[in-house]
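Residue-level structure breakdown
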Amino acid sequence: MTSSTRRHFLRTAAVLAGAVPLAAAGCSRTDPEQERQGGGTLERARQDGKIRIGFANEAPYGFTDTSGKLTGEAPELARVIFKELGIGTVEGVQVDFGGLIGGLNARRFDVISAGMFITPDRCAAVAFSDPEYIAKSAFMVPKGNPDGIAKFEDAAAKNLRVGVLTGAVEAGYAEKLGVKKSNIKTFPDQPSAYEGLKAKRVDCIALTRISLADLLSKHKGEPFELTDAFTPVIGGKEQKGAGAFAFRKADGDLLKAFNDKLAELKRSNRLLPILQPFGFTQADMPGPNDTAAVFCQG
């Protein structure tokens, strides 16, 4: 995203210290019928002055730092938007990435704040905000990019070995764009992919530029670099990934309020400065036509 956010392998589930349990139904101050339908979150959060967000502890999207603070592009964006909506406190609940949608709909938390990619399947279960970022692809390669890789077609033409993550979209991109299946090497996570590149078991790693930038930042001084970001084109269609927040379908008022504030941040050029400390650049910013509806259609 994802992407990351966007990964289907599991991470250890835990609840962030300080996260609070759901309020008992008898103590609710929201409309009872609205709560029975699963909504009412915006009203309750404004009354309580706090809201719970679900995250998967994946940098740079949503994670706890070495001091135990919940941070990342999505939690920091959440803090800005919810504060402007009159909700001063954001509390985190950490779960496996694969448990985020189930946890949201079970009301363990109120919003998914994990840079999750918008997909048609997920749109059937939750309501997505408009994207906060668009993830382009890139490669991590040895310094100087000796094989001259710029896109998957280059790796295919030069018979190169491409490292990807388990369950990641890049494996499909590589195969559909001509990389031999035997040359697509799968790794369970980013650190193991990096070790594979370092040991020359692969010639490059393919991931989102955002994820690779975060990975490279953990290995400063090592003899690797990133290629320019690009968008794969398969069958004449651009393969763009869009990271967004997810809400329960009943929480239409919360979704609208969030989207309105997100649109304000985009119009006033305030979005990038929030995401920039986590490796995001202007190239990752959504365009005017990058809406949740577009990505839900696939």
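These remarks concern the structure in this document. Each chain carries its own residue numbering, running from 1 in the written order of its sequence. Local features in this predicted model are restricted to residues whose pLDDT is 70 or higher, and side-chain atom pairs enter the listing and the counts only when it is 80 or higher, whereas totals over whole chains, interfaces and linings include all residues. Only hydrogens and water are set aside when side-chain values are computed; all heavy atoms of the structure are taken into account.

Bringing the state of the cysteines into the picture now. Cysteine sulfur pairs qualify as disulfides if the two atoms are within 2.5 Å. Considering all chains together, one arrives at 1 disulfide under this definition. The disulfide partner of C123 is C296, and the S-S distance across this bridge is 1.9 Å. The sign of the -80 degrees torsion about the S-S bond sets the C123-C296 disulfide as left-handed. In this pair, C123 is assigned in helix 5 (residues 120–123) and C296 in helix 12 (residues 292–297), connecting sequence segments 173 residues apart. Taking the relative accessible area as the measure of exposure, C123 reaches 11% and is therefore buried. Only protein chains enter the calculation, and the probe is 1.4 Å; a residue is then buried if its accessible area is under 20% of its type maximum, exposed if over 50%, and partly exposed in between. Of the residues examined, C296 reaches a relative accessible area of 26% and is grouped as partly exposed. In this text, helices come from DSSP runs of H or I with a minimum length of four residues, and strands from runs of E with a minimum of two, each type numbered from the N-terminal end.

Ring pairs shown here join Phe, Tyr and Trp side chains whose ring centres sit within 6.5 Å, with only the six-membered ring taken for Trp; geometry is labelled stacked below 30 degrees between planes, edge-to-face above 60, and tilted in between. Evaluation of the coordinates by the stated rule reveals 13 aromatic pairs. Plain terms: the ring middles of F82 and F258 are 5.7 Å apart, the flat faces sit at 50 degrees to each other, and that makes the pair tilted. Note that F82 is positioned in helix 3 (residues 73–84) and F258 in helix 10 (residues 252–267), a separation of 176 residues in sequence. Looking at F258, the relative accessible area reads 0%, which means it is buried. Considering the side-chain rings of Y133 and F280, the 5.3 Å spacing of their centres and the 65 degrees angle between planes classify their relative orientation as edge-to-face. Note that Y133 is positioned in strand 7 (residues 133–135) and F280 in the loop between helix 11 (271–275) and helix 12, a separation of 147 residues in sequence. An identical accessibility class is assigned to Y133 and F280; each is buried. An aromatic cluster of at least three residues, connected via ring pairs, comprises Y61, F117, Y133 and F280.

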